[in-house]
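# Observations on the three-dimensional arrangement
Each chain, written out:
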2 protein chains.
Amino acid sequence: MKKSAPAHFSIDTLLAERWSPRAFEDRSIEPARLRQLFEAARWAASSYNDQPWFYIVASRDNPAEFQKMLDCLVEFNQAWAKAAPVLAISVARTKFKHDGSVNRHAQHDVGAASASLALQAQSLGLAVHQMAGFDPQRARDTYHIPADHEPMAAMAIGYPGDPAALPDKLREREMSPRSRRPISEFVFAGDWGSVAPFVKHT
Amino acid sequence: MKKSAPAHFSIDTLLAERWSPRAFEDRSIEPARLRQLFEAARWAASSYNDQPWFYIVASRDNPAEFQKMLDCLVEFNQAWAKAAPVLAISVARTKFKHDGSVNRHAQHDVGAASASLALQAQSLGLAVHQMAGFDPQRARDTYHIPADHEPMAAMAIGYPGDPAALPDKLREREMSPRSRRPISEFVFAGDWGSVAPFVKHT
């Protein structure tokens, strides 16, 4: 299923067509494609080029490992994410590698890396659904995530599937149009809340 | 100047060719293109679709506003960013709009939105250089950024220019190859530090 953004101003197809489905095809992801996904994350921008991103990945091809990660998700997400061929958890290293000081952009930069990953997925015909709904402490305990590292988001990765396979409520959400507030609500100039002139032309 | 990522595994051209130059052409950005940049940010993914991103934008076409934002940057960045036609500061709303509770993904999601913005720039022949080197408190005071909102990153936006215009040291950095740690250093499975099997195939 395609679900292109109803954008007010034209944006690159890759960006427009990326979305976060809950229905996945019952199909493994080729290892070569998985490498491409994380290679895309690799080339994201980061403060001091610190690259504070880490990913723990679980494939359904390894049922015990898959279940271990699935157990870190909240129940609502387990219900649909169990059908994805691959799960992952992103982690931010919150102190700089070069001097151990706090990196106030660590989480920001992980967000950038994961966005790149999701766009690379889109480019390969795959899709990524990131989730806030998981238990960071359980992830920390399960995977021995060290201090100064913060579990950020869980994600389901796979080939997008048929929404008909989802329970009623989720199917409705899957089919409903994508929505965002317009840029006039978040692009300012001169002062907070003052809409930038180039936005007003619209 | 093009500076495609020397990727180990092939990634989408848009992702490979995005980089963060310091040399910009002396050329304004068309308002229509600016709208496209922020439209791309608009369609990023976010926790609870909260869309916690804001941008304050200053164009060199308005010298007083441009200087006001330039003054928020550290000196090192002022030296080259003053030649960019547009500056911006990204801001994260750190509490959810729907219930006022802390959004632990606010900064993460701003990182995703800004990555989308930078990729849209790449798609239009523009480039974005994000900077940690600015004074968040000065930005807060200058633009009356409210409590529960965190100034995240400054950015210079423009058409990439000739590195020859940069001072010696910066020109060297501008011409040097891009580098990142390989995915084997940050993609794990089963336990922290245990390289994922699909990575090892390489």
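Residues numbered from 1 in each chain as written. Chains lettered and ligands numbered in written order. Predicted model: local features only at pLDDT ≥ 70, side-chain atom pairs only at ≥ 80, totals over all residues.

This next bit is on the overall build of chain A. Each helix and strand counted, chain A has eight helices and five strands in total. Since a compact globule built from 202 residues should have a radius of gyration of about 17 Å, the 18 Å found for chain A is in line with a globular shape. Within chain A, the fraction of its 202 residues that count as buried is 51%. Taking all contacts inside chain A whose residues are at least 6 apart in sequence as the whole, residues at least 24 apart take part in 73%. (Helix = DSSP H or I, 4+ residues; strand = E, 2+ residues; numbered from the N terminus. Rg over C-alpha atoms; globule rule 2.2 N^0.38 Å. Buried ≥ 20, exposed ≤ 12 C-beta atoms within 10 Å, placed from the backbone. Contact = placed C-beta atoms within 7 Å.)

A sheet is described by the order of its strands in space; here five strands give the open sequence S5(A)-S1(B)-S2(B)-S4(B)-S3(B), paired in mixed fashion. Single-partner strands in this sheet number two, and they are strand S5 (187–188) of chain A together with strand S3 (127–131) of chain B. Pairing of strand S1 (residues 53–59) of chain B with strand S2 (residues 86–93) of chain B, which is carried by seven bridges, proceeds in the antiparallel orientation. Each residue of the ladder has a partner; that of Ser-59 of chain B, found in S2 of chain B, is Val-86 of chain B. (Pairing = 2+ DSSP bridges.)

Attention now goes to the sheet that holds strand S2 (residues 86–93) of chain A. One open sheet holds the five strands; their spatial order is S3(A)-S4(A)-S2(A)-S1(A)-S5(B), and the pairing between them is mixed. Looking at the sheet topology across the chains shown, the edges are occupied by strand S3 (127–131) of chain A together with strand S5 (187–188) of chain B. One ladder, built from two bridges, connects strand S1 (residues 53–59) of chain A with S5 of chain B; its direction is parallel. Across the sheet, residue Ile-56 of chain A finds its bridge partner in S5 of chain B, namely Phe-188 of chain B.

Residues and elements named next belong to chain B. Of note, Tyr-48 is a non-glycine position whose phi angle comes to about 55°, a positive value. With respect to the element layout, Tyr-48 can be found in the loop between helix H2 (31–42) and S1. Judged by the 15 C-beta atoms lying within 10 Å of it, Tyr-48 is partly exposed. Its identity as a non-glycine residue notwithstanding, Asp-148 has a phi of 65°, on the positive side.

Residue and element names in this part refer to chain B. With respect to burial, S2 is a largely interior element, eight of its eight residues being buried. Alternating positions in S2 separate into two faces, Val-86, Ala-88, Ser-90 and Ala-92 on one and Leu-87, Ile-89, Val-91 and Arg-93 on the other, with burial throughout. Bridge analysis of S2 against strand S4 (residues 149–158) gives eight bridges, and the strand direction is antiparallel. Looking across to S4, one finds that Val-86 is bridged to Ile-157.

Let's shift gears to the relation of the copies chain A and chain B. For the pair chain A and chain B, the relating rotation is 180°, the translation along its axis is 0.0 Å, and the fit reaches an RMSD of 0.0 Å. A rotation of that kind, with that shift, is consistent with a two-fold axis. The residues that chain A uses at the interface reappear at the interface of chain B in 100% of cases, marking a shared surface. (Least-squares fit on C-alpha atoms with pLDDT ≥ 70 in both.)

It is worth spelling out the interface of chain A and chain B at this point. Across the boundary between the two partners, chain A contributes 69 residues, which contact 69 residues of chain B. Looking at the side of chain A that touches chain B, the elements with two or more residues in it are helix H1 (13–17), helix H2 (31–42), S1, helix H5 (106–123), strand S4 (149–158), S5 and helix H8 (197–200) of chain A. The element contributing the most residues to the side of chain A that touches chain B is H5 of chain A, with 13 residues. Residue composition of the side of chain A that touches chain B, grouped by class: 41 nonpolar, 19 polar and nine charged. (Nonpolar A, V, L, I, M, F, W, Y, C, P; charged D, E, K, R; others polar.)

A separate point is the packing of H5 of chain A against helix H5 (residues 106–123) of chain B. At their nearest, the axes of H5 of chain A and H5 of chain B sit 6 Å apart, and the two run at 50° to each other. Classified by the angle between their axes, H5 of chain A and H5 of chain B sit oblique to one another. The crossing of H5 of chain A and H5 of chain B is right-handed. Contacts between H5 of chain A and H5 of chain B involve Gln-107, His-108, Asp-109, Val-110, Gly-111, Ala-112, Ser-114, Ala-115, Ser-116 and Leu-119 of chain A from the former and Gln-107, His-108, Asp-109, Val-110, Gly-111, Ala-112, Ser-114, Ala-115, Ser-116 and Leu-119 of chain B from the latter. Of the residues assigned to the contact of H5 of chain A with H5 of chain B, the class counts are eight nonpolar, 10 polar and two charged. (Axes fitted to C-alpha atoms, helices over the stretch in contact; angles between N-to-C directions. Parallel < 35°, antiparallel > 145°, perpendicular 65-115°, else oblique. Left-handed = near helix turned anticlockwise from the far one by under 90°.)

Here we come to the nonpolar core. Formed by 135 residues in total, the largest nonpolar core has its most connected members in Leu-87 and Ile-157 of chain A together with Leu-87 and Ile-157 of chain B. Residue contacts for Leu-87 of chain A: discarding those within four places in its chain leaves Ala-58, Phe-66, Met-69, Leu-70, Ala-81, Ala-154, Met-155 and Ala-156 of chain A. (Core = buried A, V, L, I, M, F, W, Y, C linked by C-beta atoms within 7 Å.)

Turning our eyes to something else, we now look at the environment of His-98 of chain A. Among the structural elements, His-98 of chain A can be located in the loop between S2 and H5. For the pair His-98 of chain A and Asp-50 of chain A, spaced 48 residues apart in sequence, the C-alpha to C-alpha distance is 8.0 Å.

Our next topic: the packing of H2 of chain B against H5 of chain B. Residue and element names in this part refer to chain B. At a minimum axis separation of 7 Å, H2 and H5 run at an interaxial angle of 140°. Accordingly, the angle class assigned to the pair H2 and H5 is oblique. For the pair H2 and H5, the sense of crossing is right-handed. Between H2, through Gln-36, Leu-37, Phe-38, Ala-40 and Ala-41, and H5, the contact on the second element is made entirely by Ala-113, Ser-114, Ser-116, Leu-117, Leu-119, Gln-120 and Ala-121.

Let us now look at the confidence of the model for chain A. With 99% of its residues at a pLDDT of 70 or more, chain A has an overall mean of 96. In the predicted assembly, ipTM is 0.97 and pTM is 0.97. (pLDDT = per-residue confidence, 0-100.)

Burial runs high along S3 of chain B: five of the five residues are buried. The alternating pattern of S3 of chain B places Ala-127, His-129 and Met-131 of chain B on one face and Val-128 and Gln-130 of chain B on the opposite face, and all of these are buried.

Within the secondary structure, Ala-164 of chain A is located in the loop between S4 and helix H7 (168–175). Taking the C-alpha atoms as reference points, Ala-164 of chain A and Glu-174 of chain A, separated by 10 residues in sequence, lie 9.6 Å from one another.

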